[in-house]
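# Examination of the molecular architecture
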Amino acid sequence: MNCADLRIRLLAMLLIIGMLIGSPTAPAHAAVPTGGTTCHGRFANPITDICWSCLFPLTIGGIGIVSDGQPDIGNPSSPVCYCNNPPRLGISIGFWEPVRMVDVTRTPFCMVGLGGLSLDPGIGAPRGAQVGHDSQTRNSFYQVHWYANPILAWLEVLLDFPCLEQGSLDLAYLTEVDPLWSDDELSAILNPEAVLFANPVAKAACAADCVAASAGFPVASLFWCAGCQGSIYPMTGHVTTHIGGVQASVLLTQRMTAKMHRQLTTFATAGSRGLCGAYPLPIFDKTHYKLQMTYPVPATAKVGSQCCQPYGRTTMLWGSGKSFPVSGEDFGYQIFRKRNCCAGAW
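Since this is a predicted model, take the numbers as computed values, not measurements. (Residues numbered from 1 in each chain as written. Predicted model: local features only at pLDDT ≥ 70, side-chain atom pairs only at ≥ 80, totals over all residues. Heavy atoms only, no water.)

### Some details on the side chain of D209
Our working definition: The helix count covers DSSP runs of H or I at least four residues long, the strand count covers runs of E at least two residues long, and both are numbered beginning at the N terminus. With a 1.4 Å probe rolled over the protein chains alone, any residue whose accessible area is under 20% of its type maximum counts as buried; one over 50% counts as exposed, and the rest are partly exposed. Residue contacts are defined here by distance: any two heavy atoms, one from each residue, within 4.5 Å place the two residues in contact.
Assignment of secondary structure puts D209 in helix α3 (residues 200-215). Residue class for D209 comes out buried when judged on its relative accessible area of 0%. Aside from chain neighbours lying at most four places away, what touches D209 is P218, V219, L222, C225, A226, G227 and K286.

### Considerations on α3
Put simply, the rule reads: Expected span, for any helix, means 1.5 Å times one less than how many residues it has. Taking the helix axis as origin, the arc is that swept by the directions to the C-beta atoms. Whenever a nitrogen or oxygen atom comes within 3.5 Å of another N or O atom, the pair is scored as a polar contact, on the condition that within protein one atom can donate a hydrogen and the other can accept it, and that pairs from neighbouring residues in sequence are kept only if both atoms are in side chains.
Across its 16 residues, α3 extends 24 Å between first and last C-alpha, which sits within 8% of the 22 Å expected from 1.5 Å per residue. Taken as a whole, α3 has its buried residues at A202, C206, D209 and A213. Down the axis of α3, the buried set is contained in an arc of 60°. They therefore lie on one face. Among the exposed residues of α3, those oriented more than 90 degrees off its buried face are P200, V201, A204, V211 and A215. The N-capping residue of α3, defined by a side-chain oxygen 3.2 Å from the backbone nitrogen of V201, is N199.

### Quick look at the pattern of salt bridges
Test applied: Salt bridges are defined as contacts in which a side-chain nitrogen from Lys or Arg sits within 4 Å of a carboxyl oxygen from Asp or Glu.
All told, the structure shown has 11 salt bridges when counted by the stated rule. D330 serves as the salt-bridge partner of R106, at 2.9 Å between the closest nitrogen and oxygen. Note that R106 is positioned in the loop between β5 (88-105) and β6 (110-111) and D330 in the loop between β15 (309-310) and β16 (331-344), a separation of 224 residues in sequence. Here R106 and D330 have matching classes, each one buried. Across the pair K286 and D209 runs a salt bridge, and its minimum N-O distance is 2.8 Å.

### Description of the pairing of β16
To keep things clear, this is the line we draw: Any two strands are treated as partners once DSSP identifies two or more bridges connecting them.
Most of β16 is tucked away: 13 of the 14 residues are buried. Here β5 pairs with β16 via 14 bridges, running antiparallel. Bridge assignment links F95 to a residue of β16, and that residue is R339. Direction of pairing for strand β14 (residues 289-295) relative to β16: antiparallel, over a ladder of six bridges. The residue bridging L291 from the neighbouring strand is I335, located in β16.

### Quick look at a nonpolar patch on the surface
Condition: Like-charged residues are merged into a patch within 9 Å and nonpolar side chains (Val, Leu, Ile, Met, Phe, Trp, Tyr) within 5 Å, provided each residue has over 30% relative accessible area and no salt bridge. For the accessible areas, the method is Shrake-Rupley and the probe is 1.4 Å, while residue cover comes only from the protein chains on display.
Taken together, I60, I63, I65, V66 and I91 make up a surface patch of nonpolar side chains, about 410 Å² in accessible area. Among the elements that make up the nonpolar patch, the one with the highest residue count is strand β3 (residues 63-66) (three residues). Looking at where I65 falls in the secondary structure, it is placed in strand β3.

### Quick word on the state of the cysteines
The test is simple: The criterion for a disulfide is a pair of cysteine sulfur atoms lying within 2.5 Å.
Under the criterion given, the structure shown has eight disulfides. Across a sulfur-sulfur distance of 2.1 Å, C54 and C308 are joined as a disulfide pair. Where C54 bonds to C308 through sulfur, the torsion about that S-S bond is close to 105°, and the disulfide is right-handed. Residue C54 is found in the loop between β1 (31-32) and β2 (58-60), and its partner C308 is found in the loop between β14 and β15; the two are separated by 254 residues along the sequence. For the pair C54 and C308, a shared accessibility class is recorded, and that class is buried. Sulfur-sulfur distance for the disulfide between C210 and C228 comes to 1.9 Å.

### Digging into the sheet that holds strand β10 (residues 138-141)
Ordered by their spatial adjacency, three strands build an open sheet running β9-β10-β13, and the pairing between neighbours is antiparallel. Of all the strands in the sheet, just β9 (129-132) and β13 (238-239) have a single pairing partner and so form its edges.

Structure representation (structure tokens):
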């Protein structure tokens, strides 16, 4: 699919969505026209901008085959597996599959991951902003785009391998057309349980999640925490404690992942339940994901043997120098999702 075809497809989809739901508004941000010179981005070069060691560890059952120094979560212990529909006997394989891509942008309809393509569908949307309340407190707001991006499938790296998600690069979700993304109160429709975790005790527990994620993987049971970045709730684009662009964009990437799971537009593929296919997981397990920055600075250099980061890990080390004024204030990430699969006769 060339750039012109993709642009036509995106514009058509946005116009249809706009006619169906109207123009979302948010009192805290003025709606502004899109376009102009504020849209920056770049297509991720699969050769130079993707850290392919993020695919590992590769396991068969509970036995590691290739790790390349990468950490892992649990895998089904038996190397032999069986699925009922359709019936098949196979080998239990585990790896980390690159399947999604995320834009975090200040400019509505700025497709960071599509080379900085700026769309103008005629729909008003809140513009990103940073607001400083004093010398130590700052909050921000960003729009986020969620892409289906099964790189291994559209590159045809592994032909006839049954464990890969099929498809091509495709825009799956834009927060500009979602009225819940810019309204914390309205978002309670999607995540009513958020009120249970808006207290000091629940927030203090996230410190343990930050430590665990920075040392290895986050704590799955602390599902309301986004590790060192803050809280998963509310599932909106408002960052109440903005420390830096990298921290804020990583937080919103985690929120967007949680949101996609809650809306049943993304499914889990890890563990014994994932051997025979993807399954719904409305409260997502953050240990199933890790991310790699692709824009503005592709994070392909390993920091502590890793260039992919589990959700919630501190950005102090790997995020240094990854943000800069003007063209370096929007962000793109490649998402790797844990995949366990029963590879046999299909």
